[in-house]
Amino acid sequence: MNHPVVTFTSRYGSTQRYADALAERIGTRAVDFASIGDAAAADPLIVLAPQYVTTILGRRRIIRAIRSAPGPAALVVVALSPADDPGRGTLAQKLVAASGREVTVFQLRGDLDPDRLRWVDRVLMAALRRELRKTPDEPMARLLLNRERVEFVDESTLGPIVDWAQGHTTTGT
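Please read all numbers here as calculations on a predicted model, not as lab measurements.

1. Brief notes about the packing of aromatic side chains
Inspection of every chain in the model, using the stated rule, returns two aromatic pairs. Note on Tyr12 and Tyr52: the rings are 6.1 Å apart at their centroids and 90 degrees apart in plane angle, and the pair reads as edge-to-face. Taken as a pair, Tyr12 in the loop between β1 (5-8) and α1 (14-26) and Tyr52 in strand β3 (residues 45-52) lie far apart in primary sequence, 40 residues in all. The positively charged end of Arg11 is found above the aromatic ring belonging to Tyr52, 4.7 Å away from the centroid. The ring of Phe152 has Arg109 lying over it, and the distance from NZ or CZ to the ring centre is 3.6 Å.

In structure tokens form, the structure reads like this:
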């Protein structure tokens with residue numbers, strides 16, 4: 001019998017919102033990645049993780065979990081940039097390659113609340129804004145230079161992930 005597991009790591013909440021909504025739709029609960037241990041009972045395993053500039057949060061633990069899962073695995077990356085941004089897939093592809101497994105990758109958009117950023121993230125954001133001032137007409141520059149909260153979490157974009165999970169839960173493939 002298949003036992004789907006939805007696990008997540010989240011720093012500011014966007015990824016957890018997606019994980020909770022996804023888990024509800026496929027009839028399970030979302031588990032914080034810090035408390036999952038290994039994923040030996042996960043079939044399928046669905047990991048949601050945020051991407052912050054040059055890293056996917058929890059990368060090493062995600063690789064270990066994917067390797068330990070007996071069934072299919074999916075990685076859902078949540079980031080501020082558009083889901084179809086060609087540059088977004090590179091980090092996910094590297095993580096999948098490091099896992100040594102076939103992993104289905106999905107991309108979702110997250111929120112940004114500048115007032116909630118940790119100190120180190122504020123420093124990185126300031127450096128990014130300095131660079132973006134050189135190209136103020138670019139979409140990301142227009143988005144970030146005004147320093148306002150941006151909300152892109154859209155639970156309706158979970159459809160393909162729900163379909164994938166239900167297909168693997170039902171058929172066991």
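2. What about the environment of Leu128?
By secondary structure assignment, the location of Leu128 is in helix α4 (residues 119-132). As a C-alpha pair, Leu128 and Ile63 span 65 residues in sequence and 28 Å in three-dimensional space.

3. Quick notes on the pattern of salt bridges
Counted according to the given criterion, the structure contains seven salt bridges. Residues Arg149 and Asp111 are paired through a salt bridge, measuring 3.8 Å at the closest nitrogen-oxygen approach. A residue pair is termed long-range when its members are at least 10 positions apart, and Arg149 in the loop between α5 (139-144) and α6 (159-171) and Asp111 in the loop between β6 (103-109) and α4 qualify at 38 residues. Between Arg149 and Asp113 there is a salt bridge, with its nearest N and O atoms 3.2 Å apart. Here Arg149, found in the loop between α5 and α6, pairs with Asp113, found in the loop between β6 and α4; they are 36 residues apart in sequence, far enough to count as distant. Through salt bridges with shared partners, a single ionic network connects Arg17, Asp111, Asp113, Arg149 and Glu151.

4. What about a positive patch on the surface?
Taken together, the side chains of Arg59, Arg60, Arg61, Arg64 and Lys94 make up a positively charged region of the molecular surface. Looking at the secondary structure, you find Arg60 in helix α2 (residues 59-68).

5. Here's the deal with the environment of Arg122
Mapping Arg122 onto the fold places it in helix α4. Residue classification places Arg122 among the partly exposed positions, given a relative accessible area of 39%. Residues Arg122 and Leu143, 21 residues apart in the sequence, show an inter-C-alpha distance of 16 Å. Excluding anything up to four places from it in sequence, Arg122 contacts Pro114, Asp115, Arg116 and Leu117. Among the polar contacts listed, one links the side chain of Arg122 to the backbone oxygen of Asp115, at a separation of 2.9 Å.

6. Concerning a negative patch on the surface
Together, Asp20, Glu24, Asp154 and Glu155 make up a region of like negative charge exposed at the surface. Among the secondary structure elements, Asp154 is positioned in the loop between α5 and α6.

Calculation rules
- Residue indices follow the written sequence of each chain, beginning from 1 at its first position.
- Where local features are concerned, this predicted model is filtered to residues with pLDDT of at least 70; where side-chain atom pairs are given and counted, the filter is 80 or more; whole-chain, interface and lining totals use all residues.
- To obtain the side-chain values, all non-hydrogen atoms of the structure were used and water was disregarded.
- Ring pairs are drawn from Phe, Tyr and Trp, using the six-membered ring of Trp, whenever the two centres fall within 6.5 Å, and their geometry is named by plane angle: stacked under 30 degrees, edge-to-face over 60, tilted for the rest.
- Only runs of H or I of at least four residues qualify as helices and only runs of E of at least two qualify as strands under DSSP, and these elements are numbered from the N terminus.
- We call a charge positioned over a ring when the NZ of a Lys or the CZ of an Arg lies within 6 Å of the ring centre and within 35 degrees of the ring normal.
- Within this document, salt bridges are pairs made up of a side-chain nitrogen of Lys or Arg and a carboxyl oxygen of Asp or Glu, the two lying within 4 Å of each other.
- Each patch is built from residues that are more than 30% exposed by relative accessible area and take part in no salt bridge. Like charges join if they lie within 9 Å; nonpolar side chains (Val, Leu, Ile, Met, Phe, Trp, Tyr) join within 5 Å.
- Each accessible area value is a Shrake-Rupley result obtained with a 1.4 Å probe; residue values ignore everything except the protein chains displayed when judging cover.
- Positive residues here are Lys and Arg, negative ones are Asp and Glu, while His and the chain termini are left out of the count.
- Note on charges: their place is set at NZ of Lys, CZ of Arg, CG of Asp or CD of Glu.
- The cut-offs for exposure are 20% and 50% of the maximum accessible area for each residue type, with area from a 1.4 Å probe on protein chains only; residues under the lower value are buried, those over the upper are exposed, and the others partly exposed.
- When checking whether two residues touch, look at their non-hydrogen atoms; a contact exists if any pair is within 4.5 Å.
- N or O atoms closer than or at 3.5 Å make up a polar contact, with two conditions inside protein: a donor-capable atom paired with an acceptor-capable one, and, for residues adjacent in sequence, both atoms drawn from side chains.

In short, the description is geometric, and any link to function would need to be established separately.
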